[in-house]
Structures are given as C-alpha cells and as structure tokens.
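For reference, the chains in residue letters:
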Amino acid sequence: QVQLVESGGGLVQAGGSLRLSCAASVRTFTLYAMGWFRQAPGKEREFVAGSGRNTYYADSVKGRFTISRDNAKNTVYLQMDSLKPEDTAVYFCAADWMGSGSGSYDYWGQGTQVTVSS
C-alpha cells in the first residue's frame, strides 16, 4: 500500500518561500511519477507540478515553483518561491506507478495547508 505524507506547509507573507516535502512509503520510488496538486477554497483541485519521464508545471507556477526528488530518501519536494496570495491552498502530494508525470495519479496524501498573506 502506498502512503504519502506531506510536510512543510504554513503561513508566509507574499514574496516569501516555502518548501514542501512528501515522503513515500514505496519499494521502487524511482518507478513512480510524483506530483503536486492544490485545492483552494471553493475551487477544484488543480495540477501544480509533476516529475516523471519529464518535469511539468502549471503555467501559473512556472518560474516560481520547482519540483525535485531525492530517490535515496523516497521523497519529493516542491520549492515555492515568490509566493502570491493566490497560491493559498491545500497542497497534495500524489504518486502514479510508471506514470509520465503529467497524467492522472493513483495515490494521494492528506494534504498540507499553505497560506500566503498579502
């Protein structure tokens, strides 16, 4: 069973930075595409970034967010810089077996709250 545990959320001022982490309890981490999604109040969940055969970003975060992974630690990160109030959301980590990184995801974490104050 795949378990994903996010950490690193919090409250930050606009223009600041946060780094989210997601630890995955899987045997072959390198064979999973890993992604980050977010859901703001009253909105649908949206794709933020994915790491599989390639790296993908939503247009709204390109140049500000960076997804990376440490395969030795079974961990994926989301470095978020130049944060804006509209980045406020619950951020979810996701995993997809043998995925491309830009497709659908099978496994989800519980989410971590990110709040950006203006």
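Only a predicted model underlies this, so the values are computations on that prediction, with no experimental measurement involved.

Asks: Can you lay out the pairing of strand E11 (residues 112–117) for me, pointing to particular residues and giving the numbers?
Replies: Only one face of E11 is buried: it carries Thr112, Val114 and Val116, and the other face, with Gln113, Thr115 and Ser117, is open. Two elements, strand E2 (residues 10–13) and E11, share 4 bridges in a ladder whose sense is parallel. What sits directly across from Gln13, in E11, is Ser117. Sheet topology places strand E9 (residues 89–97) next to E11; 3 bridges connect them, and they run antiparallel. Each residue of the ladder has a partner; that of Ala89, found in E11, is Val114.

Asks: How would you sum up the packing of aromatic side chains? Please name residues and give values.
Replies: Within a pair of aromatic rings, the relevant descriptors are the distance that separates the centres and the angle that separates the planes. What the rule picks out here adds up to 6 aromatic pairs. Through a chain of ring-to-ring contacts, three or more aromatic side chains come together here, namely Phe37, Phe47, Tyr105 and Trp108. The ring of Phe92 has Arg45 lying over it, and the distance from NZ or CZ to the ring centre is 5.7 Å. The positively charged end of Arg69 is found above the aromatic ring belonging to Phe29, 4.5 Å away from the centroid.

Asks: Provide a residue-level description of the side chain of Ser51, including the pertinent values.
Replies: Along the chain, Ser51 turns up in strand E5 (residues 46–51). For Ser51, the residues in contact, after removing those within four places along its chain, are Tyr32, Ala33, Met34, Ile67, Arg69, Gly101 and Tyr105.

Asks: If you had to explain the state of the cysteines to someone new, which residues and values would you point to?
Replies: For the coordinates displayed, the defined rule picks out 1 disulfide. The disulfide bridge from Cys22 ends at Cys93, spanning 2.1 Å between sulfur atoms. Here the disulfide of Cys22 and Cys93 is left-handed, its torsion about the S-S bond being about -80°. With Cys22 in strand E3 (residues 18–25) and Cys93 in strand E9, the pair connects residues that are 71 residues apart, well separated along the chain. In terms of burial, Cys22 and Cys93 fall into one category: buried.

Asks: Outline unusual backbone geometry, listing residues and values.
Replies: Positioned with a positive phi, Asn74 is a non-glycine residue whose angle comes to about 55°. By the secondary structure assignment, Asn74 is in the loop between strand E7 (65–70) and strand E8 (75–80). With a phi close to 60°, Met98 is a non-glycine residue in the positive phi region. Within the secondary structure, Met98 sits in the loop between E9 and strand E10 (107–108).

Asks: Any chance you could break down the pattern of salt bridges for me, citing the residues and the numbers?
Replies: Overall, the coordinates contain 4 salt bridges when judged by the stated rule. The salt bridge partner of Glu46 is Arg38, with a shortest N-O separation of 2.6 Å. Here Asp59 ties to Lys62 by a salt bridge, and the two come within 3.2 Å at their closest N and O atoms. Accessibility assignment for this pair places Asp59 and Lys62 in one class, exposed. Members of the salt-bridge network, linked through shared partners, are Arg38, Glu46, Arg64 and Asp87.

Criteria and cut-off values
- Sequence positions are assigned chain by chain, starting from 1 and proceeding in written order.
- Given that the model is predicted, a residue must reach a pLDDT of at least 70 before its local features are reported, and side-chain atom pairs must reach 80 or more before they are shown or counted; all residues, however, enter totals for whole chains, interfaces and linings.
- In computing side-chain properties, one takes all heavy atoms of the structure into account and sets aside hydrogens as well as water.
- Relative accessibility under 20% of the residue-type maximum defines a buried residue, over 50% an exposed one, and the middle range a partly exposed one, all with a 1.4 Å probe and only protein chains included.
- Numbered from the N terminus, helices here are DSSP runs of H or I no shorter than four residues, and strands are runs of E no shorter than two.
- Strand pairing is defined by DSSP finding a minimum of two bridges between the two strands.
- Any pair of Phe, Tyr and Trp rings, taking the six-membered ring for Trp, is counted once the centres come within 6.5 Å. Such a pair is stacked with planes under 30 degrees apart, edge-to-face with planes over 60 apart, and tilted for the rest.
- Charge over a ring is defined by NZ of Lys or CZ of Arg lying within 6 Å of the ring centre and within 35 degrees of the ring normal.
- It only takes one pair of heavy atoms within 4.5 Å for two residues to be counted as in contact.
- Disulfides are defined as pairs of cysteine sulfur atoms found within 2.5 Å of each other.
- The working definition used for a salt bridge is a side-chain nitrogen of Lys or Arg within 4 Å of a carboxyl oxygen of Asp or Glu.

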